[in-house]
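Read off the chains here:
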Amino acid sequence: MTPNATPSIHNTMNDLKEIFCRYDMVCDNPSGVGLEIRHMPEFFDEMPLMETGKMHLHGFYEIVWFQDGGGVHYVDFSQFEVTPGSIFIIAPGQIHSFDCRHDRKGVVLKFCTGLYDGFIGTPLVHIQEKDSEGLMLLIRAMEEELRNPGLPGHGEAVRALVQLFMVRIGRSGAVSGPSAPDPLKTSHKAFLSFRKLIEENYFRLHSVKDYAYLLHMTTKTLTLYVRECSPYTPLELINERIILEAKRLLRYSVFTVKETAFRLGFEDPSYFAKFFKRIVKQSPADYRESFQD
């Protein structure tokens, strides 16, 4: 796979936004600080799109904390059960939908990427009951800050509260697999940087060597750091991100297989088809056909 001049990640995301309803008001409002807080069930009652359960995406982070109720939440190509204490962390560009239930209680935070720049490794976290009160205190502090936009340091305070909220979620979350990376440890810091670089460059850089070069380390060192923090190799993580975007484009866009290959940095569409089939066990055309009515 050779890097070439491909459309930017922002263009690729915008292609999908033309198909799905786009919610960017929280970021587009020039008078705001990029944070909006809503409560359930009003959040669902006031969103016609949610009533129909349609897949959608947006250009900001959406944190959905279910405090009571159940149901199903679909994120990209996975289905998750909603239970009390579930927190869904939806990153910009992820495609998701809820079922049509409106009996749930909880909180929804929407904030722009400028308020949080950490790596999100999982869309679902189950927080511990003992941490709920502390998280709600932070939400109330955010709401109080939003009511006083004229105070000195308003923007800095909002960003600090959002950052602390995300840190608290990470500490409380009982996620499967390895523990959350420690950003103070050299190997873990490198892993987080690697995952961030993948998100920024998956559509043009496909080799471990490319990312090792950007991180100023050897491929061997990068492999050791990644294996310390995850059960996967660097190449598996790179390929996983490419395949995710390929699935999104094949299922939800009108691009041909050839156009999809080009947008993901493949100069040879036949190579892309072989790459996709090796991992997904279906050809791109068959994968797309499987979703046709």
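About the cut-offs
Residues numbered from 1 in each chain as written. Predicted model: local features only at pLDDT ≥ 70, side-chain atom pairs only at ≥ 80, totals over all residues. Heavy atoms only, no water. Helix = DSSP H or I, 4+ residues; strand = E, 2+ residues; numbered from the N terminus. Buried < 20%, exposed > 50% of the residue type's maximum accessible area, 1.4 Å probe, protein only. Lys, Arg positive; Asp, Glu negative; His and termini not counted. Salt bridge = Lys/Arg side-chain N within 4 Å of Asp/Glu carboxyl O. Contact = heavy atoms within 4.5 Å. Pairing = 2+ DSSP bridges. Axes fitted to C-alpha atoms, helices over the stretch in contact; angles between N-to-C directions. Phe/Tyr/Trp six-rings, centres within 6.5 Å; stacked < 30°, edge-to-face > 60°. Lys NZ or Arg CZ within 6 Å of the ring centre and 35° of its normal.

Caption draft 1: Spotlight on the side chain of Glu145. With respect to the helices and strands, Glu145 occurs in helix H5 (residues 132-146). The side chain of Glu145 is buried and forms no salt bridge, while Arg147, the nearest opposite charge, is found at 9.9 Å. With residues near it in sequence (within four places) discarded, Glu145 still touches Leu151, His154, Ala157, Val158 and Leu161.

Caption draft 2: Region of interest: the sheet that holds strand E8 (residues 96-98). Strand order in the open sheet formed by three strands is E6-E5-E8, and the pairing between neighbours is antiparallel. Both edges of this open sheet fall to strand E6 (78-82) and E8, since each of them pairs with a single strand only. In this sheet, adjacent strand axes meet at a mean angle of 20 degrees when their direction is disregarded. In the sheet, strand E5 (residues 71-75) pairs with E8 via three bridges, with the strands oriented antiparallel. Counted as the bridge partner of Val75 is His96 from E8.

Caption draft 3: Broad picture of the packing of aromatic side chains. Applying the stated rule across the entire model yields 18 aromatic pairs. Members of the aromatic cluster, connected to one another through ring pairs, are Phe77, Tyr252, Phe266, Tyr271, Phe272, Phe275, Phe276, Tyr287 and Phe291. A cation sits over an aromatic face here: Arg241 above Tyr202, 4.1 Å from the ring centre. A cation sits over an aromatic face here: Lys247 above Phe77, 5.9 Å from the ring centre.

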